[in-house]
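Analysis of the macromolecular model
Here is what each chain is made of, one letter per residue.
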Amino acid sequence: MSFLQTDQFLPPPSSLDDVLIKQIVLTHDPDGRHFDSELLLRMTENIMHHASTAQVSGPHLETIGEHRTSDLEVVGSQEPLEYTINQISYKMLGSFSQEEMNPHARTMILFDLLTNYKWDAKLVLVLAAFAISYGKVWLILQLYQHNPLAVSIAALRQLPSNLNPFKPQLKALRLLAKTMAGVTKLIIKFEGLPITHINLDYEILAVTKSQIYTAAYWVIRSALICSARITDLTATKHDQPSDSATIATWELSSLEYRLSSICSCLGKQVDKCYQQIEMKIHLKLLNLPKEKHSDNQEVLRILFASRDDLPLKDSSSQAKIGVSELKNKVIILLISKPELLNLEALLFLVQQIYDQPHRKKLDGSYEIVWVPIPYSQQWTEAEERSFNFLSNSLPWYSIRRPWLLSSALVNYTKQTWNFKDEPVMVVLDSQGTVTNLNAIHSVLIWGARAYPFSTSREEELWKDEKWTLQLMFDDIDPLLTRWIEEGRNLCIYGSGSLDWIREFNSMTNQVVRASMQLEVVFVGTSNRDEQLRNLLATIEGEKLSRFLSFTKIQFFWLRLESIRRSKLELGKTVDSNIILKEVSALLDFDNNNNAGWAVMGRGSSEDVVKLQGSELMECLKRFPVWGGNVGKLGFLGAVRNALEPPSLPEGPCTHSNIVPYKEGLIEETVVCEKCKRPMEKFVLLKCNVTE
């Protein structure tokens with residue numbers, strides 16, 4: 001007979017509910033302390049799962065050791081979880097007076113001990129204490145057949161050498177433990193609902209809470225009885241089960257039946273709460289564009305609806321963050337799959353946002369919040385690992401527990417914000433109004449200069465941009481940036497064919513040897529494969545030309561693709577926009593992997609020449625013919641003249657062209673569009689005063 005008296009006749013589920021609820025509620029006085037109960041339950045389930053296996057191997061131990069209770073921060077309490085769990089274990093297994101031997105009295109003692117914790121935390125702590133004693137016994141039983149230390153401990157604890165007669169009791173124990181965990185998960189789910197921000201109807205809330213009180217009571221009482229049965233097992237002196245073991249099996253099975261019934265009813269009730277919350281969040285999201293707010297706080301609370309007032313985390317410090325930290329700031333919601341982007345794209349995004357001097361001038365005027373959304377409704381282990389790694393590594397805020405995001409929000413991002421598979425950056429201004437449904441291309445092009453990242457700002461920036469080498473590269477490579485600023489002649493080229501690369505460089509070397517100031521740089525292809533790495537290794541080994549690193553090549557092509565997509569999303573067409581036309585042509589060149597191409601330009605000039613395939617090679621072969629024109633036409637002028645010979649006969653040409661003044665224009669050679677000869681420069685002064 002155990003130290004804990006058995007429930008000889010379990011009362012029907014409703015006969016004690018009213019009395020129990022009053023007693024339980026009186027013990028409940030939460031003081032704000034909390035921890036990640038879901039993670040602790042997962043650790044507890046790991047113990048119970050591995051206790052049921054035939055043996056423990058290395059990988060199992062690694063799984064159990066992924067987290068420790070010391071990793072679980074208890075907010076609002078000075079006592080570590082280990083201390084609380086040990087106290088519970090003592091109360092569950094210690095010796096008490098005759099009055100305290102009653103199962104109900106012992107259950108209420110634990111409620112008194114856990115008075116300051118929320119409902120889910122109470123149950124998880126009790127299950128953790130039970131799992132430790134349960135796991136200790138099973139660890140010895142699994143090891144004692146081949147471990148001398150386990151044999152000695154088993155002998156001292158008088159563990160039965162043959163467990164076969166106790167299989168019904170052990171099976172009932174496992175089923176009951178699994179059901180206790182199932183009920184606890186439902187209470188964790190309810191406690192995670194954002195009912196402080198999204199109000200539930202009074203009736204549904206009252207019924208749910210009443211069921212939670214009853215469920216909590218029977219989970220804790222069941223854990224006590226399970227612990228008692230484990231103690232009985234360790235005190236067994238014979239391998240044959242007694243009548244008490246049969247009674248114990250019946251008792252555990254009866255408790256499992258009761259808890260299963262409670263679990264079923266509570267599950268339906270929590271689902272009703274969840275559905276009502278989702279419906280209310282959905283309606284609030286639909287009304288967001290119609291409402292005006294003085295700040296972004298209400299909007300953010302709806303988007304990140306959570307029972308927890310700290311739904312975000314700062315990846316750099318791992319600090320838990322509330323939406324109040326984002327008040328009066330422009331917020332960029334980076335919505336993506338849990339793996340976010342490939343490495344090069346991710347590095348480029350970080351560089352554009354955080355490695356620019358312009359960001360310092362903004363002094364925290366905006367923040368990025370990563371909102372990962374899985375491929376399906378359920379998070380996989382791989383997706384969770386990816387999120388945990390990236391959210392701990394990247395320099396922005398992220399949703400702390402994205403698997404708790406409202407399904408209404410997930411659907412809203414897909415239906416209203418057009419999130420599909422590729423990442424998007426939805427921008428909210430300081431009042432919470434959406435100003436850009438996807439600023440990611442704007443950010444990749446201009447970085448912090450795109451602040452406040454609205455669609456209107458993106459259009460404004462494009463008004464000042466021309467198709468130049470500066471636009472193509474920006475600050476991707478410091479050396480190229482310096483050459484562009486110095487106004488050097490620059491030739492960038494790409495191909496997937498090593499033979500073509502060798503032939504091209506053989507010809508360009510003739511140009512360079514003729515004392516032409518021409519910098520030749522290989523920018524590869526957009527393919528992130530081993531072939532590109534081999535090409536770079538060969539170019540370096542044979543000293544064929546300068547080249548961008550593998551990562552910077554990816555930056556270059558990502559930038560070009562962002563330019564193209566930004567233009568398209570703003571409604572531009574290839575026929576009407578010169579930048580879109582030129583960048584689309586370059587990207588088309590890249591798609592034809594083995595056909596080489598080159599782009600030649602000078603400094604920040606708009607005079608850019610692009611050539612592909614046979615036309616490019618033919619132009620270089622004819623260098624001895626047109627090279628003599630470089631002195632009077634400039635390098636690019638000579639190339640254009642070779643490609644498009646003068647259409648007019650020798651003689652006077654009166655064509656003129658008025659261009660806005662810009663720094664360095666006087667020194668540049670301008671070629672006539674008609675006769676392809678250098679134009680003479682004049683200064684025109686114009687007054688724009690209209691009144």
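All of these numbers come straight from a predicted model, not from anything done at the bench.

Cut-off values and rules
Residues numbered from 1 in each chain as written. Predicted model: local features only at pLDDT ≥ 70, side-chain atom pairs only at ≥ 80, totals over all residues. Heavy atoms only, no water. Helix = DSSP H or I, 4+ residues; strand = E, 2+ residues; numbered from the N terminus. Buried < 20%, exposed > 50% of the residue type's maximum accessible area, 1.4 Å probe, protein only. Contact = heavy atoms within 4.5 Å. Areas by Shrake-Rupley, 256 points an atom, 1.4 Å probe, with all protein chains shown as cover. pLDDT = per-residue confidence, 0-100. Phe/Tyr/Trp six-rings, centres within 6.5 Å; stacked < 30°, edge-to-face > 60°. Lys NZ or Arg CZ within 6 Å of the ring centre and 35° of its normal. Axes fitted to C-alpha atoms, helices over the stretch in contact; angles between N-to-C directions. Parallel < 35°, antiparallel > 145°, perpendicular 65-115°, else oblique. Left-handed = near helix turned anticlockwise from the far one by under 90°. Nonpolar A, V, L, I, M, F, W, Y, C, P; charged D, E, K, R; others polar. Pairing = 2+ DSSP bridges. Polar contact = N/O pair within 3.5 Å; in protein donor to acceptor, adjacent residues only side chain to side chain. Patch = residues over 30% accessible without salt bridge, like charges linked within 9 Å, V, L, I, M, F, W, Y side chains within 5 Å. Salt bridge = Lys/Arg side-chain N within 4 Å of Asp/Glu carboxyl O. 1 Å grid on protein atoms, 1.4 Å probe; cavity = no way out; pocket = protein on both sides within 12 Å on 5 of 7 lines; lining within 4 Å. Points joined across faces, edges and corners; volume = space filled by probe spheres on them.

Time to look at the overall build of the protein chain. Helices and strands together make up the secondary structure of the protein chain, namely 26 helices and 12 strands. Residues classed as buried in the protein chain amount to 51% of the 691 residues present. Considering only residue pairs separated by 6 or more positions, the protein chain has 74% of its internal contacts joining residues 24 or more positions apart. If you sum the accessible surface of the protein chain, you get close to 34200 Å²; carbon and sulfur atoms cover 52% of it.

So, on to the confidence of the model for the protein chain. Averaged over all residues, the pLDDT of the protein chain equals 83, while 82% of them reach at least 70. Low pLDDT, under 50, characterises residues 1-15; the stretch is placed with 38 contacts to residues that sit more than four places away or in other chains. Here residues 54-65 scores under 50 on pLDDT; set against residues more than four positions off or in separate chains, the count is 12 contacts.

Moving on, we get to the environment of Gly 596. Position of Gly 596 among the secondary structure elements: in the loop between helix H23 (578-591) and strand E11 (597-602). Other than its neighbours up to four places away in sequence, Gly 596 contacts Gly 494, Ser 495, Trp 500, Gln 612 and Gly 613.

Scanning the entire structure with this criterion turns up 26 aromatic pairs. Between Tyr 493 and Phe 522 the ring centres are 5.2 Å apart and the planes differ by 55°, which places this aromatic pair in the tilted class. With a gap of 29 residues between them, Tyr 493 in strand E8 (residues 489-494) and Phe 522 in strand E9 (residues 518-522) connect regions that are remote in the sequence. Ring geometry for Trp 500 and Phe 504: centres 5.0 Å apart, planes at 10°, overall stacked. Of this pair, Trp 500 and Phe 504 both sit in helix H20 (residues 498-513), separated by four residues, roughly a single helical turn. As far as the burial class goes, Trp 500 and Phe 504 line up, both buried. One aromatic cluster in this structure is built from Phe 473, Phe 556, Trp 557, Phe 589 and Trp 597. Over the ring of Trp 119 we find Lys 122, and its NZ or CZ is 5.2 Å from the ring centre. Of note, Arg 533 hangs over the ring of Phe 550, and the distance from its end group to the ring centre comes to 3.7 Å.

This paragraph deals with the packing of H20 against helix H24 (residues 613-621). Packing of H20 against H24 leaves a shortest axis separation of 9 Å and a crossing angle of 30°. Relative to H24, H20 is oriented roughly parallel. For the element pair H20 and H24, the recorded crossing hand is left-handed. Residue-level contacts link Trp 500, Glu 503, Phe 504, Met 507, Thr 508 and Val 511 of H20 to Leu 616, Met 617, Leu 620 and Lys 621 of H24. Of the residues belonging to the contact of H20 with H24, the class tally is seven nonpolar, one polar and two charged.

Now for the sheet that holds strand E4 (residues 366-372). With mixed pairing, seven strands are arranged side by side in an open sheet as E2-E1-E5-E4-E3-E6-E7. Strands with a single pairing partner mark the edges of an open sheet, and in this sheet they are strand E2 (320-321) and strand E7 (434-436). Bridging between strand E1 (residues 312-314) and E2 involves two bridges; their strand directions are antiparallel. Note that in E2 the partner of Lys 313 across the bridge is Lys 320. Set on the sheet, helix H14 (residues 381-391) makes contact with E1, E4 and strand E5 (397-399); between it and E4 the angle comes to about 165°.

With respect to the element layout, Asn 436 can be found in strand E7. The exposure class assigned to Asn 436 is buried, which follows from its relative accessible area of 5%. A distance of 3.0 Å separates the side chain of Asn 436 from the backbone nitrogen of Asn 438, its partner in a polar contact. Among all residues touching Asn 436, those that are not within four sequence positions of it are Met 425, Val 426, Val 427, Phe 453, Ser 454, Thr 455 and Glu 458.

On the surface, a cluster of nonpolar side chains totalling about 280 Å² of accessible area is made up of Met 279, Leu 283 and Leu 286. Tracing the backbone through its elements, the reader meets Leu 283 in helix H10 (residues 243-287).

Time to look at the pattern of salt bridges. For the coordinates displayed, the defined rule picks out 23 salt bridges. A salt bridge links Glu 519 to Arg 546; its shortest N-O distance comes to 3.9 Å. Pair noted here: Glu 519 is in strand E9 and Arg 546 is in strand E10 (residues 546-547), with a separation of 27 residues, a long-range link. Judged by relative accessible area, Glu 519 falls into the buried class, the value being 17%. The closest approach of N and O atoms between Arg 640 and Asp 607, which form a salt bridge, is 2.6 Å. With a gap of 33 residues between them, Arg 640 in helix H26 (residues 630-643) and Asp 607 in the loop between E11 and strand E12 (609-612) connect regions that are remote in the sequence. On the accessibility criterion, Arg 640 (27% relative accessible area) is partly exposed.

Moving on, we get to the pairing of E12. Burial along E12 is one-sided: Val 609 and Leu 611 are buried, and none of Lys 610 and Gln 612, which face the opposite way, are. Two elements, E11 and E12, share four bridges in a ladder whose sense is antiparallel. Note on E12: the bridge partner recorded for Trp 597 is Gln 612. Counted along the chain from E11 to the antiparallel partner E12, the turn is six residues long, and its residue Gly 603 has a positive phi close to 55°.

Turning next to the sheet that holds E12. On the basis of which strands lie adjacent, the open sheet formed by five strands has the order E10-E9-E8-E11-E12 and mixed pairing. Where the open sheet ends on each side, the last strands, each with one partner, are E10 and E12.

As enumerated under the stated definition, the model contains three cavities of 30 Å³ or more in all. Empty space within the largest cavity amounts to approximately 130 Å³. For the largest cavity, the full set of lining residues is Gly 192, Phe 304, Ala 305, Ser 306, Asp 308, Leu 310, Pro 311, Ile 399, Arg 400, Arg 401, Leu 404 and Leu 405. The residue makeup of the lining of the largest cavity, split by class, is seven nonpolar, two polar and three charged.

Quick look at the environment of Trp 119 now. Mapped onto the elements of the fold, Trp 119 is located in helix H6 (residues 119-143). Given a relative accessible area of 7%, Trp 119 falls into the buried group. The spacing of Trp 119 and His 28 is 91 residues in sequence and 8.5 Å in space, taken between C-alpha atoms. Beyond its immediate chain neighbours, meaning those up to four positions away, Trp 119 contacts Ile 24, His 28, Phe 111, Ile 187, Glu 191, Ile 212, Tyr 213 and Ala 216.

This part takes up the pairing of E9. Burial analysis of E9 places five of its five residues in the buried class, which makes it a mostly covered element. A two-sided burial pattern is seen for E9, the buried positions comprising Leu 518, Val 520 and Phe 522 on one face and Glu 519 and Val 521 on the other. Pairing of E8 with E9, which is carried by five bridges, proceeds in the parallel orientation. Within E9, the residue paired with Ile 492 across the bridge is Val 521.

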